[in-house]
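Coordinate analysis (summary)
The chain contents come next:
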Amino acid sequence: MAKHALWQERSSGRRTIMWYVVWVRTGQEEKVLALCEKILRDRKEKTKPYEQCFLPKYERSRKLKGQWVRLKEVLFPGYLFFMSDHVDELAGQLKNIPEFAKILGTEQIPIALAPHETEFLQKHMNRDKVLEMSLGFLVGDRLVVTEGPLKDYEGKIVHIDRHKRLATLEIEFFGRIVKMKVGVEVVRK
């Protein structure tokens, strides 16, 4: 069994809810999320093959018409997340959705997120699955985050764009190192 499949997000009695990632076409995440929710919700059976389907987002500031506004953008472009204890049934049902691509894993075995991946998302996202803006200041080239979900983050920040109010984190996800953009407002240097 793959090491990722050993992680149990939540166990209650005999049910083990694990987080799975589905690859879809980049830019089509919202459309596929709505289709998944509609088609899987409208099934005739009483139970659905997942507990929750969501699209992780991050909050960022952007200047529009001279005003700074807060926007939500897709945290992992091209990916949807499902929490399920019936992954085989979920994979079978997802094949009925035209825009569906595939669940990450091997050809026959979907692989759940690893413990550190799930823990990162649970720790840093709010209940709406949004990683909110963080505030901080620069000491030389080092960012010190004073408020927000990244306050105690000890991972690698590879780039800070003060003008766009974004930071790029380097983190292990999906079995590889990925760069992830998050909203960070640097209040002073």
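Position numbers for residues count from 1 along each chain, tracking the sequence in the order it is written. In view of the model being predicted, local features appear only for residues whose pLDDT reaches at least 70, and side-chain atom pairs are presented and counted only at 80 or more, with totals across whole chains, interfaces and linings using the full set of residues. Side-chain metrics in this entry use all non-hydrogen atoms of the structure; hydrogen atoms and water are not considered.

Moving on, we come to helix α3 (residues 115-124). Where α3 is concerned, the buried positions are E117, T118, F120, L121 and H124. Buried residues of α3 fall within an arc of 155 degrees about the axis and therefore sit on the same side. Type-normalised accessible area, obtained with a 1.4 Å probe on protein chains alone, sets the label of each residue: buried when under 20%, exposed when over 50%, and partly exposed for intermediate values. Numbering of helices and strands runs from the N terminus, with a helix taken as a DSSP run of H or I at least four residues long and a strand as a DSSP run of E at least two residues long. This arc corresponds to the set of directions leading from the helix axis out to the C-beta atoms.

The backbone of K65 shows a phi angle near 55 degrees, a positive value even though the residue is not glycine. With respect to the secondary-structure elements, K65 resides in the loop between β4 (57-64) and β5 (67-74). At R165, a residue that is not glycine, the phi angle is positive and equals roughly 60 degrees. Structurally, R165 can be placed in the loop between β11 (156-161) and β12 (166-173).

This brings us to helix α2 (residues 87-94). For α2, the set of buried residues is V87, L90, A91 and L94. For α2, the angular spread of buried residues about the axis comes to 100 degrees, placing them on one side.

Its volume calculated, the largest pocket comes out at about 340 Å³. Lining the largest pocket are 18 residues, with R142, L143, V144, I157 and I160 sitting closest to its centre. Among the elements of the structure, β10 (142-147) and β11 are those that each provide at least two residues to the lining of the largest pocket. Here the term charged refers only to Asp, Glu, Lys and Arg, the term nonpolar to Ala, Val, Leu, Ile, Met, Phe, Trp, Tyr, Cys and Pro, and the term polar to all other amino acids, Gly among them. Here the residues of the lining of the largest pocket are counted per class, giving nine nonpolar, three polar and six charged. Cavity and pocket criteria rest on a 1 Å grid covering protein atoms alone: a 1.4 Å probe that fits but cannot get out defines a cavity, protein on both sides within 12 Å along at least 5 of 7 lines defines an open pocket, and an atom within 4 Å of a point defines a lining residue. Grid points are joined across faces, edges and corners, and a volume is the space filled by probe spheres set on the points.

Now for the confidence of the model for the chain. Confidence scores labelled pLDDT are given residue by residue by the predictor and lie between 0 and 100. Overall, the predicted model of the chain reaches an average pLDDT of 83, with 87% of residues at or above 70. Confidence, expressed as mean pLDDT per element, reaches its minimum in the chain at strand β1 (residues 10-12) with 42 and its maximum at strand β8 (residues 130-131) with 96. When the criterion is pLDDT under 50, residues 1-12 qualifies, and its contacts beyond four places in sequence or with other chains add up to 31 contacts. Residue contacts are defined here by distance: any two heavy atoms, one from each residue, within 4.5 Å place the two residues in contact.

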